[in-house]
Amino acid sequence: MLPSQRDLRSASEYPKSLSSWLELDYFRRPRRLRRLRRLVPWTVLLLSTGLIAALTWLPGNRRIYQADSVSTAHAIFNEDCEACHNASFGTAKRLLRGNNELRSVTDEACLRCHAGDAHHVRQVGQSACVKCHHEHRGRIAMARVEDGHCIACHTDLTRHTDATKPGDADRPFRDVTSFLGGRQPHPRFFLTDNPQDEGTIRFNHEAHMNPKGLLVAGSLERKQLRCTDCHQTDDAGRYMKPIRYQKHCRDCHPLNVRVFGTIDEIEAQEEADRFRAEPASHPADAGEGLDTVRAVLRDRFLQFAYQYPSVHAPRSRTEAESPIPGRSDPDSGSTTRSAADWAEQQLRENTRMLFDGPGGCRYCHRLAAPSRRNSEADPTPRFEPPRIASRWFPHSVFSHERHRSLDCRQCHAQATESRSTSDVLMPSIESCQKCHNGTPQGARTDCVECHAYHAPQETRDSPRDLAIEDFLRGQGVHAPAKTPRTPTGR
Amino acid sequence: MRTSPAHGGIVGSRWSPSLLIDSRQKGWFLATVALGLLATILYVWYDSTTPGGFTGGSVIGMWYGIVGSGLMIYAGLLSALRKVPSLWWLGSRKVWLKGHIWLGLLSQLVILFHSGFHWGGPLEQVLWVVLTLTIATGIFGLVAQQFVPAMITQRITNEVPYEQIPQFCAQIRRKADALVDSLCGPFDGAVEPTNGDADPGSPRAQLRRYFENEVRPFLGEPYPSRSPLTTPGALEAELATISALAWPSDVEGSLWSLRSLCDERRLLGEQERLHHWLHGWLLIHIPLSVALLVLGLAHAVLSLYY
């Protein structure tokens, strides 16, 4: 009590009366602090509720509810939650049933636009798309999933493999927990321990990589080859395009052909020189063979003969008396030959040179086994198909373009010393680990850096006939069921 | 307790506050630490064994959210319990206050685990800010409740009900008016003498001028915190000067009384200031808690739907 409120005259410590110094109804008139304490919470309650209601019901505000923006590829669905979230209260069901597999985004929503086949024909069970591909994590690539999703099965493949199903059971898969170190590190590459090259083309890398260079056909110049003269990446910059004779070999290894016999006509002689300058064609793809080579060459000879009839006109006595040594003359006894006969004779001489001669097909191609050869009636030799591998590591993905700064020999170190076709010049895992080393300065080491879960893109059957409106709403075709991938897919 | 009006009723700086957080909180403290450790261990285990790590959308992540929300709601119910005394059977107010403090702190940790240490989107970020501010203001309030009451007890020798301070100020001013009127005569509303015979330099005129210009506003409400009279000693010096003037009679007693009234007003002002420190944080803490519950509800509903 304040001293001034005491009754000084009575010398008492007590006030004169309670009502004389206290307002008995003071609670009816709360002070500002108390008034604010009552007012502000209600104001905040109303404002926050109104704000949430407005943001929920007014269009264009869905982003405030998103944990983060959707990935770049799905940016068009940023304001259309139902495009992917097609199972209402899926999260609530997950909670109530205690089942992490229940999602508000079902596989059906993903498969409308994406063909996501199963990982492996022998895998046990199939997981939902969103179990590995997490959205709302910003502008990141959803395909770059964490190692944990892979390791969940690959740390114990026996338990996650259905051994009763057919597949690449002969392939010695091993359990893996990490790329580097750990309890079960990534094994050595299969090719390192089992170097097998089924290619039949005879090729000597060392000779072609001669630092002194190689003689160029038809000139005295030498050319020093670089790896990229023959090995060029595909348009995506990933893998090497196949080696083509026409593009990579012909300049140095032409399939020379010529017009045999004596040509008196000067113009025909000049044309014969041009004919010789243009090598014979080479089968361009697997559908073509020696017959194609012969057919093209026959056409060229026929054209020549029609253009210059003098070459198959009656021969002079000198020529008739001096046939080509060792060759039977189909027109012996006759003094005239048709253009076809002449062309056929020229073809025989040239194919003998090409197929059996030292600079012909046998220079690179291996003769087929005797059982595959032709009969006596058709003496045309048969060669083994080249069987040049287009992908050496079919279970991984790689981009040569991303590694373009490196000298090829840093990874393909054996290339300059290889003399035999059977040499496998693929890098070992130790070569990769020099850069992908798990240090802050090193390249990444996560699983998806090299491996893709789904089949290669070219084997998938994504819908390609969507209207723009359907695409923008994420309403693609009816979602196909996930199908296990056959082992031949990779 | 000895009072010293010259120092605003404050006696030295030695005081022993009665702590709100003391050994009686040991059980709650240990329980909170144990629950926090349990939540941490569970989080670390789940995060390390789950592909992709811990997420708030997983079943266990949602349970963390539910527990965290429950703790926050429990903490918020303290306010409701105060307004509904019939709910006493739910536990004493002391128990609820302890739960409010410790479980409220635990809720921050649990919600942190629920988020998987991610800030989330705009709504979640706002929730984080609101939750953190709520906890921060709560901690500030806890510290204030720990020390300020003891400071009031020691500094304010004559504590009065806060709500009655305006009433007391009015009474003090009436007493001061009566005192000055007894010395200077009835106040006619003019600070300077209007009567031609009156001397503006007379003691009465000087006292009246000083009282009307400085003392009387100081005694009013609200408390003029920038008045020179808030500084102890300033009034005494001025009154000593006035007292030394040629007064016809002894005015020492009356001026002493005037000084006492000013001391009382200074104490009331100090009490107001400390009261604001003691309870002002609730102006932020409670609205933030309300916003937290509303935004948290919106977050929960939308998260469960999508």
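Below is a short write-up of the structure.

### Some remarks on the overall build of chain A
Then step 1. Broken down by element type, chain A carries 17 helices and two strands.
Then step 2. Per-residue burial over chain A gives 30% buried out of 490 residues.
Then step 3. At a minimum sequence separation of 6, the contacts of chain A that also span at least 24 residues come to 58%.
Then step 4. Of the accessible surface of chain A, which amounts to about 31100 Å², a share of 54% is contributed by carbon and sulfur atoms.

### Comments concerning the overall build of chain B
Then step 1. Summing up its helical and strand segments, chain B has nine helices and zero strands in all.
Then step 2. Ordered by position from the N terminus, the helices and strands of chain B form the series α-α-α-α-α-α-α-α-α.
Then step 3. For 306 residues, the compact-globule estimate of 2.2 N^0.38 gives 19 Å, and chain B exceeds it by more than 25% at 29 Å.
Then step 4. When the backbone C-alpha atoms are referred to their principal axes, chain B occupies close to 100 × 40 × 35 Å.
Then step 5. Per-residue burial over chain B gives 43% buried out of 306 residues.
Then step 6. For chain B, long-range pairs separated by at least 24 residues make up 74% of all intrachain contacts whose partners lie at least 6 apart in sequence.

### Quick look at the interface of chain A and chain B
Then step 1. Each partner contributes to the interface: chain A provides 52 residues, whereas chain B provides 51 residues.
Then step 2. Of the roughly 4300 Å² buried at the junction of chain A and chain B (both faces included), carbon and sulfur atoms supply 65%.
Then step 3. Counting the contacts that link chain A with chain B gives three salt bridges.
Then step 4. Between E221(B) and R31(A) there is a salt bridge whose closest N-O contact spans 2.8 Å.
Then step 5. The interface formed by chain A and chain B contains 17 residue pairs in polar contact (both at pLDDT 80 or more).

### As for the layout of surface pockets
Then step 1. Of the pockets and cavities examined, the second largest pocket occupies roughly 1600 Å³.
Then step 2. S79(B), R82(B), L282(B), H285(B) and I286(B) are the residues nearest the centre of the second largest pocket, which is lined by 48 residues in total.
Then step 3. Listed by contribution, the elements that provide at least two residues to the lining of the second largest pocket are helix 2 (32–57) of chain A together with helix 2 (59–83), helix 3 (93–115), helix 4 (122–155), helix 8 (252–279) and helix 9 (282–305) of chain B.
Then step 4. It is helix 2 of chain B that contributes the most residues to the lining of the second largest pocket, ten residues altogether.
Then step 5. A class-by-class count of the residues in the lining of the second largest pocket yields 28 nonpolar, 14 polar and six charged.

### A closer look at the side chain of E124(B)
Then step 1. Tracing the sequence through the fold places E124(B) in helix 4.
Then step 2. Despite being buried, E124(B) has no salt bridge partner; R94(A) is the closest side chain of opposite charge, sitting 13 Å away.
Then step 3. At 3.0 Å, the side chain of E124(B) and the backbone nitrogen of G121(B) are in polar contact.
Then step 4. Apart from residues lying up to four places away in sequence, E124(B) is in contact with I64(A), Y65(A), Q66(A), A67(A), W119(B) and H299(B).

### What about a nonpolar patch on the surface?
Then step 1. The grouping of F29(B), L30(B), V33(B), L37(B) and I41(B) at the surface amounts to a nonpolar patch, some 470 Å² of accessible area in total.
Then step 2. Looking at F29(B), the relative accessible area reads 40%, which means it is partly exposed.

### A closer look at the side chain of S104(A)
Then step 1. Position of S104(A) among the secondary structure elements: in the loop between helix 3 (90–97) and helix 4 (107–111).
Then step 2. For S104(A), a relative accessible area of 4% translates into the label buried.
Then step 3. When neighbours within four sequence positions are excluded, S104(A) is seen to be in contact with C84(A), H85(A), N86(A), A87(A), G90(A), T91(A), R94(A), Y305(B) and Y306(B).

### What to know about the pattern of salt bridges
Then step 1. This model, assessed by the stated rule, comprises 31 salt bridges over all chains.
Then step 2. Note that R419(A) is salt-bridged to E206(A), the shortest N-O span being 2.5 Å. Of the two residues, R419(A) sits in the loop between helix 15 (408–411) and helix 16 (429–433) while E206(A) sits in helix 8 (residues 205–208), which places them 213 residues apart along the sequence.
Then step 3. D446(A) serves as the salt-bridge partner of R444(A), at 3.0 Å between the closest nitrogen and oxygen.
Then step 4. In this structure R444(A) comes out as partly exposed when scored by relative accessible area, which is 43%.
Then step 5. For D446(A), a relative accessible area of 15% gives the class buried.
Then step 6. Ionic contacts of the salt-bridge type, sharing partners, join the residues R31(A), E221(B), R265(B) and E272(B) into one network.

Criteria and thresholds
- Residues numbered from 1 in each chain as written.
- Chains lettered and ligands numbered in written order.
- Predicted model: local features only at pLDDT ≥ 70, side-chain atom pairs only at ≥ 80, totals over all residues.
- Heavy atoms only, no water.
- Helix = DSSP H or I, 4+ residues; strand = E, 2+ residues; numbered from the N terminus.
- Buried < 20%, exposed > 50% of the residue type's maximum accessible area, 1.4 Å probe, protein only.
- Contact = heavy atoms within 4.5 Å.
- Areas by Shrake-Rupley, 256 points an atom, 1.4 Å probe, with all protein chains shown as cover.
- Rg over C-alpha atoms; globule rule 2.2 N^0.38 Å.
- Buried area = accessible area lost by both parts, 1.4 Å probe.
- Salt bridge = Lys/Arg side-chain N within 4 Å of Asp/Glu carboxyl O.
- Polar contact = N/O pair within 3.5 Å; in protein donor to acceptor, adjacent residues only side chain to side chain.
- 1 Å grid on protein atoms, 1.4 Å probe; cavity = no way out; pocket = protein on both sides within 12 Å on 5 of 7 lines; lining within 4 Å.
- Points joined across faces, edges and corners; volume = space filled by probe spheres on them.
- Nonpolar A, V, L, I, M, F, W, Y, C, P; charged D, E, K, R; others polar.
- Lys, Arg positive; Asp, Glu negative; His and termini not counted.
- Patch = residues over 30% accessible without salt bridge, like charges linked within 9 Å, V, L, I, M, F, W, Y side chains within 5 Å.

Fair warning: the whole summary comes from geometry, so function is off the table for now.
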